[in-house]
2 protein chains.
Amino acid sequence: MTRIVCEQLAPQVGRLAENHRQIVRTISETTTAGADILVLPELATSGYVFESPAEARECAIPPDDPMIDEWTAAVDGDSVVVCGYAERGPDDVLYNSAVLFDATGVLARYRKTHLWDREKLFFAPGSQPPPVTPTPFGRIAVMICYDLEFPEYTRRAALEGADLIAVPTNWPEVPRPAGERPPEVLIAQAAARVNRVAVACCDRSGTERGQRWTEGTAIVSHDGWIAAVAEADGRARWDTDLAAARDKNISTRNHLFGDRRTDLYGSPR
Amino acid sequence: MTRIVCEQLAPQVGRLAENHRQIVRTISETTTAGADILVLPELATSGYVFESPAEARECAIPPDDPMIDEWTAAVDGDSVVVCGYAERGPDDVLYNSAVLFDATGVLARYRKTHLWDREKLFFAPGSQPPPVTPTPFGRIAVMICYDLEFPEYTRRAALEGADLIAVPTNWPEVPRPAGERPPEVLIAQAAARVNRVAVACCDRSGTERGQRWTEGTAIVSHDGWIAAVAEADGRARWDTDLAAARDKNISTRNHLFGDRRTDLYGSPR
């Protein structure tokens, strides 16, 4: 069995050193305690509610920053970790990025391609879809927050063979009827079910410059049901066999991908 | 305001005349009582659980059958109705079809393109996506049951300008965790929210040859929330202004369709 953990951290905006220490501590603690796959929030290094492009720039780090080396060094065993951070690219442009790594180093990089609202003031969108990266626990695609709300994008990752879509996120709280889950979780559930792919969304917690966060961390099974949400300690945990979802036959005569009518609407890949 | 009604009928397999009378009575009653848009189930004429292709053929009707004239004649005022039926096409091939009509006659026809399980033994798939049909109440796209589970297809209809996706359905009951909605409803909710389009799913009721139906009729608002489910009388009712959902801006800087990265995954139209 593979243990997936999401840890709903509360980064502090602009406090790079403190946020980095929090990330290192969480990686060390959770992977030592048995997390095989750990997902951390979007922009875990920098916080989210920037006042200006200059402030965003001050806490962005290059993709080869030594901090990321310290993250990989903090991984216990063969666990893999996904963490969001504010990236200052080689071109000096800022990206809302995430990195997938294990103790040996970085396995994959991704830059958010669908930017939400004021992010467009600070970040450039990425130009590549997420790689689908083989790990000892299954194939992982990384998306960030609003990316998840484009069903073409989740479908594309599933067609590329993803067993798990890992989603670092910062979900600003939006209105919802009493008793309902966050709308982003509904979207994750549908994406999971129509593709038979697990989805692990790691939100952040707290309030930042007046912005309340949803604290909606949820791990969704490949059937679309909620497998885990954040407990009182901010951690969601689910033990599963990700490869079990590779069979896309959902009835004697139905295959989720084979049933697509690509003659009527094309294919995202 | 526009009143949308779904009436969760229980057709009897193979009993064409009785099912027809039930359809006529429902059209007359609901449109007289104020339904502007009425959605009826999939295969409302024929039932669903056929024992053989011959049985399906016996209760299929041609697209110009006088029964459909009686349906249009039963419509009160300027209401529009969507009803599923087993069609024997001009080519003598059977289709799982639906028709959109008002008192003046048929406005649009649709043949299900994604067939579920044993339907593949009885029906040929349609070759055309649903037309998006203007009505006095908004633009309506018709899909049938399993069609809804392909996000490319709902996206396509939304891009074509649909305000409402009307979904005649027969949902065989599938396992779900206690307290959860049917998975098909979750998928409808996500489709509604990522496209800002309302979705009206009319399920059937009862048990047919041992097959239990979900009785999951649900009207979903363009925000993805449940606007109505079937009441004790089998009817779901929602009063709304469908055109209000045409604005696809969801933040100062985000447009649901404009934000799509068609460079990364193409577009369904």
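As the structure is a prediction and not an experimental result, all values here were calculated from the model.

## So, the confidence of the model for chain A
All names here are of chain A. Counting all residues, the mean pLDDT for chain A is 97, and 100% of those residues have values of 70 or more. Per-residue pLDDT, averaged within each element of chain A, yields its smallest value for strand 10 (residues 207-208) (95) and its largest for strand 2 (residues 37-39) (99). In the predicted complex, the global pTM is 0.98; the interface-specific ipTM is 0.98.

## Some words on the sheet that holds strand 8 (residues 164-168) of chain A
Residues and elements named next belong to chain A. Judged by pairing direction, the sheet is mixed, and its 6 strands sit side by side in the order 6-7-8-9-12-13 without closing on themselves. Both edges of this open sheet fall to strand 6 (132-135) and strand 13 (226-229), since each of them pairs with a single strand only. Pairwise comparison of adjacent strand axes, ignoring direction, gives a mean angle of 20° for this sheet. Strands strand 9 (198-202), strand 12 (218-220) and strand 13 of the sheet are contacted by helix 6 (residues 183-195), whose axis makes an angle of about 20° with strand 12.

## Remarks on the relation of the copies chain B and chain A
For the match of chain B to chain A, the screw axis carries a shift of 0.0 Å, the RMSD comes to 0.0 Å, and the turn is 180°. With respect to symmetry, the two chain copies, as superposed, fit the operation of a two-fold axis. Comparing contact sets, 100% of the residues at the interface of chain B also lie at the interface in chain A, consistent with an isologous, same-surface contact.

## Side note on the interface of chain B and chain A
Taken residue by residue, the interface counts 50 residues in chain B and 50 residues in chain A. Of all residues in chain B, Trp225(B), Arg253(B) and Tyr265(B) give up the largest surface area on contact with chain A, accounting jointly for 18% of the area buried on that side. There are 8 salt bridges connecting chain B and chain A. Notably, a salt bridge pairs Glu152(B) with Arg155(A), separated by 2.7 Å at the nearest N-O pair. Elements represented by at least two residues in the side of chain B that touches chain A include exactly helix 4 (119-122), helix 5 (151-159), helix 6 (183-195), strand 15 (249-251), strand 16 (254-255) and helix 7 (262-265) of chain B. Per-element accounting of the side of chain B that touches chain A gives the leading share, 7 residues, to helix 6 of chain B.

Rules behind the numbers
- Residue numbers here run from 1 along each chain, matching the order of that chain's written sequence.
- Note on labels: chains are lettered from A, ligands numbered from 1, in written order.
- Given that the model is predicted, a residue must reach a pLDDT of at least 70 before its local features are reported, and side-chain atom pairs must reach 80 or more before they are shown or counted; all residues, however, enter totals for whole chains, interfaces and linings.
- Based on all heavy atoms of the structure, the side-chain values leave hydrogens and waters out of the count.
- Confidence of the predictor at the level of single residues is given by pLDDT, which spans 0 to 100.
- Strands here mean DSSP runs of E at least two residues long; helices mean DSSP runs of H or I at least four residues long; both are numbered from the N terminus.
- By definition, two strands form a pair when at least two bridges between them are found by DSSP.
- Inter-axis angles, ranging from 0 to 180 degrees, are taken between N-to-C directions of lines fitted to C-alpha atoms, where helices are fitted over the stretch in contact.
- Only heavy atoms enter the contact rule, under which two residues are in contact if any of them lie within 4.5 Å.
- Only residues with pLDDT of at least 70 in both copies count here: their C-alpha atoms drive the least-squares fit that superposes the copies.
- Buried area adds together the accessible area that both of two parts lose upon being put together, with accessible area traced by a 1.4 Å probe.
- Here, a salt bridge means any side-chain nitrogen of Lys or Arg that lies within 4 Å of a carboxyl oxygen of Asp or Glu.

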